Amino acid sequence: SPTTVLGVMGIVSSGVVSAGSDSWVRSGWLAELLWKVDNSVNVVNPVHKHLAVEIRVGYLAAIAAFVGMLGIVSVERMVLRGLLTYKGWLNMKPKQKPPITVMVWGGLVSLFSGRNNLLYGFALSLPALPLPSLNHTCDTYLDSVKPLMDEEDFEKTVELTENFRKNEGRRFQWYLWVKHLFSVNYISEWWEKYVYLRGRTPLMANSNYYVLDSKSRPTTNQIERAGNVVHHFLRFKDMIEGETLEPMLIRGRVPLCMEQYERMFGTCRIPGREIDVLKHNISRYIVVVYDGNYYKLDVYHGARGTKLRPYASEEIQHQLKLIIAHSKRKSDADIQLPALTKPGEVRRRPSFLRGGLGSYKTNRIQSYSDLSVLNELRRHDDDTSSRARHSSVTRTGYNGPGVAAFTAGPRSNWAEARELYFAEGVNRESLVCIEKAAFLLFLQDDAYATINERAKSMFCGDGYNRWFDKSVNLVVMKDGYIGLNCEHSWADAPAVAHLWEFALLSELIDYQNRVIKKDSEPVADIADLKNLPPPKRLLWEIDDEMRTAINQAGTVAEQLISDVGLDILEHYDYGTSFMKKSGFSPDAYIQMVLQLAYYRNRQQFDLTYESSMTRLFRLGRTETVRSLTEESKAFVLAMESPTASKEEKTKLLREAAEKHVEYSKMAMVGQGIDRHLFALYVVSRGMDVDSEFLNEALSIPWRLSTSQQPQQQTLLRDNLQGNMKNIFISPGGGFGPVADDGYGVSYMIVGGDSVFFHISSKICCPDTSSEKFKVCLMSALRDVHDLLAN
């Protein structure tokens, strides 16, 4: 820390000054070298020769101490980076006694890691993501696609692969090797830019994901629940910004890259016609949405530039009650709150953006896609009189202005609407306020009887009540159930899962201390609550043209929502205890179950995607584990064969699981093939070379996309007592299918006896059904269990 550095510099400086002139620190070779260097300053600084000897000795000693500490830290990081490149510890089996090499390695890692590290303290010590060899990627690719093809098609693929390996692949690999040399992660920038930000499809149901609440709530009061969780979100936010959040360590030693956390709060994906951009702000307020009305709510005490203190839960609850009362008021005289922008401060849009179309009135918006022609029409319109006829400010309909519907649609259309209707005035001010907020809080009057209904609401809302561009949308239902809807490009789900686990467990600990132990902090004084600065309304100016655009955007959103098939399987028959007792990695076990369920559902094999993290490396995000292998295919066919023996099925299951574990380790250590293939494709496009091999390799659809959700990323559960530990059962969350004719399956392994599966598909596809897949999954779980039970 800076304090430590200054302290060491001061101690060294005073020690050298007080030492005798004949001591080594004053007359040794290092002292002489520094003195000669210091004398050279006389040439450029005439005042220098007039300084006292003690002063010169003092600052030379301080400089030497600073450079010495810098050198020690650099060497320490370099050694630690070298140690962290070793991944042999991943080959250890559970409960296996570590060999002497791993024990020595672990001791050195602990020694050079130090203690009380800051959030990003390991950033410069993490190794760069390795670049797989071309031969490794080509060979692994052939192994992974063999189960999909007959002999003739596979021979053609082998020929195509060998041709790529010997020709253009070498050139692409060379350029990629150069990029790898000069970057800490050769894929992260391209992955965010081309996979996420260049995507033009709607974020809703395609890119965003949802997270569900714990099965048990400490309270069913909506306002109390919202205040509690918002407060703990702010605590987590402060730990990120102050870098006091402890970095994640695997097995208590190996650090993960934490740089995704930086953009967790105050981040918004801004739509563009061709590519979106991510904007991040340090924000001291949130935006609350109730019944379609938007409010800016300050959530910190203290002036900017000073140490700020987040609002307590009771203070947030007080403000939320004001917001709900204001939104429900029957007239402006009932409850008054200030507006974000005063009428006199509103800047008018230029005439070509002011809503009138003059002679083009008959060409007003007919469909949401027609937004693309409006920009040109407006350039020829100087008639502003139509604005007086067609413009009106509304606060009714669509449960409020409904502007969030734009964020649910195609990105290019939203970008155009943003330019047309949010360029200036109150609309721009309100939009900027939302985009810069730490996060959005949606208070809903809805309550759902089933977990499926609640999950779909968190995933999509009604098309008007989620701001899909924001990094985090916190939703609180009328019955106290809460959930998240998160934009995906800024980070992956484990970072949000960490936030979620922290907030929910902290809330339970507060409940335990308040209700069970009767040991709680005093509630904020009522007088203080009344003196809090009031929330500010966000105003919208919506004319007929914009209202039509909102309606059309909402229609698109409603069509997307109606096509979402979502079913959740709550499996309580067995969990990790049985899987581990049977000698299987739980993840490998579930992946084999999913292969069996998918085959029973579709009677075919398809490429399967499982997300694996690469955060052992700097700026690491994810890599793909290809779960369909020759071994898993053989196991599935044996399970469906009436002649295969139980011993044969068990043997094939173990071989398939071991192969999956091997592929998972490859992905974790940066030897997966899919990010490499994608990077090679980006290079080919940059060189304007059409590669038949890469076109084919990247065109095979991922009809089964899967992901395991992490848990136990904090130690807070240890603070819960008795049955409180058992009631925290989070079913996790889910995402949409990658392919229109495929499935998205997310699963959360909870404790030793339960697993939750989130199954999504497109209803319009006749070949998929989340409900039918759920039935196949239940049978697969039962049959694999019975195979191993005896």
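Residues numbered from 1 in each chain as written. Predicted model: local features only at pLDDT ≥ 70, side-chain atom pairs only at ≥ 80, totals over all residues. Heavy atoms only, no water.

Next up on the list: the pairing of strand 5 (residues 277-280). Of the pairings in the sheet, the one linking strand 4 (residues 267-270) to strand 5 comprises four bridges and is antiparallel in character. Each residue of the ladder has a partner; that of Arg269, found in strand 5, is Leu278. If you look at the hairpin formed by strand 4 and strand 5, you'll find six residues sitting between the two strands. (Pairing = 2+ DSSP bridges. Helix = DSSP H or I, 4+ residues; strand = E, 2+ residues; numbered from the N terminus.)

Next up on the list: the sheet that holds strand 16 (residues 622-626). Strand order in the open sheet formed by six strands is 14-20-19-17-15-16, with mixed pairing between adjacent strands. The open sheet has two edge strands with one neighbour each: strand 14 (564-571) and strand 16. The average angle at which neighbouring strand axes cross in this sheet is 20°, direction not considered. Of the strand pairs in this sheet, strand 15 (residues 608-613) and strand 16 are connected by five bridges, and their pairing is antiparallel. (Axes fitted to C-alpha atoms, helices over the stretch in contact; angles between N-to-C directions.)

The next thing to look at is the packing of aromatic side chains. Across all of its chains, the model carries 31 aromatic pairs by this definition. Considering the side-chain rings of Trp191 and Phe678, the 5.3 Å spacing of their centres and the 85° angle between planes classify their relative orientation as edge-to-face. Of this pair, Trp191 sits in helix 9 (residues 188-197) while Phe678 sits in helix 24 (residues 674-686), placing them 487 residues apart in sequence. Each member of the pair, Trp191 as well as Phe678, is classed as buried. (Phe/Tyr/Trp six-rings, centres within 6.5 Å; stacked < 30°, edge-to-face > 60°. Buried < 20%, exposed > 50% of the residue type's maximum accessible area, 1.4 Å probe, protein only.)

Pairing is mixed in the open sheet, where eight strands are placed in the order 13-7-6-10-11-12-1-18. Lying at the two open borders of the sheet, with one neighbouring strand each, are strand 13 (536-537) and strand 18 (733-734). Relative to strand 11 (residues 473-476), strand 10 (residues 440-443) runs parallel, the two sharing four bridges. Its bridge partner being in strand 11, Leu440 is matched across the sheet by Asn473. Contacting strand 6 (285-290), strand 10, strand 11 and strand 12 (482-486), helix 10 (residues 222-241) crosses the sheet at an angle of about 155° to strand 11. (Contact = heavy atoms within 4.5 Å.)

A few words on the packing of helix 8 (residues 168-181) against helix 24. The geometry of helix 8 relative to helix 24 is characterised by a closest axis approach of 9 Å and an angle of 100° between their N-to-C directions. When the interaxial angle is binned, helix 8 and helix 24 end up roughly perpendicular. For the pair formed by helix 8 and helix 24, the contact residues are Phe172, Gln173, Tyr175 and Leu176 on the first element and His676, Ala679, Leu680, Val683 and Ser684 on the second. When its residues are assigned to classes, the contact of helix 8 with helix 24 shows six nonpolar, three polar and no charged. (Parallel < 35°, antiparallel > 145°, perpendicular 65-115°, else oblique. Nonpolar A, V, L, I, M, F, W, Y, C, P; charged D, E, K, R; others polar.)

The next thing to look at is helix 16 (residues 451-460). Of all the 10 residues making up helix 16, seven are buried; the element is thus mostly covered by neighbouring parts of the structure. Taken residue by residue, helix 16 has Ile451, Arg454, Ala455, Ser457, Met458, Phe459 and Cys460 as its buried positions. Where helix 16 is buried, its residues touch strand 1 (209-212), strand 11, strand 12, helix 19 (544-562) and strand 14. Of the residues flanking the end of helix 16, it is Gly461, one or two places downstream, whose phi is positive at about 65°.

This brings us to the side chain of Asp563. Relative to the assigned elements, Asp563 resides in the loop between helix 19 and strand 14. Buried within the structure, Asp563 lacks any salt-bridge partner; its nearest side chain of opposite charge belongs to Lys762, at an N-O separation of 4.8 Å. (Lys, Arg positive; Asp, Glu negative; His and termini not counted. Salt bridge = Lys/Arg side-chain N within 4 Å of Asp/Glu carboxyl O.)

Next up on the list: the nonpolar core. Phe233, Tyr261, Leu320, Phe439, Leu441, Leu443 and Leu474 are the most contacted members of the largest nonpolar core, which has 114 residues in total. Each residue touching Phe233, except ones within four places of it in the same chain, is listed here: Phe265, Phe439, Val472, Leu474, Leu484, Leu499, Trp500 and Ala503. Counting residues in each nonpolar core, the second largest holds 48 residues, with Met204, Ile451, Val475 and Val564 among its members. (Core = buried A, V, L, I, M, F, W, Y, C linked by side-chain atoms within 4.5 Å.)

Despite not being glycine, Glu243 has its phi angle at roughly 60°, a positive value. Considering the arrangement of structural elements, one finds Glu243 in the loop between helix 10 and strand 2 (249-250). Relative accessible area serves as the criterion here: at 29%, Glu243 is assigned to the partly exposed category. One non-glycine residue, Asp291, lies in the positive phi region at around 55°. As for its position among the elements, Asp291 is in the loop between strand 6 and strand 7 (293-298). Judged by its relative accessible area of 37%, Asp291 falls in the partly exposed class.

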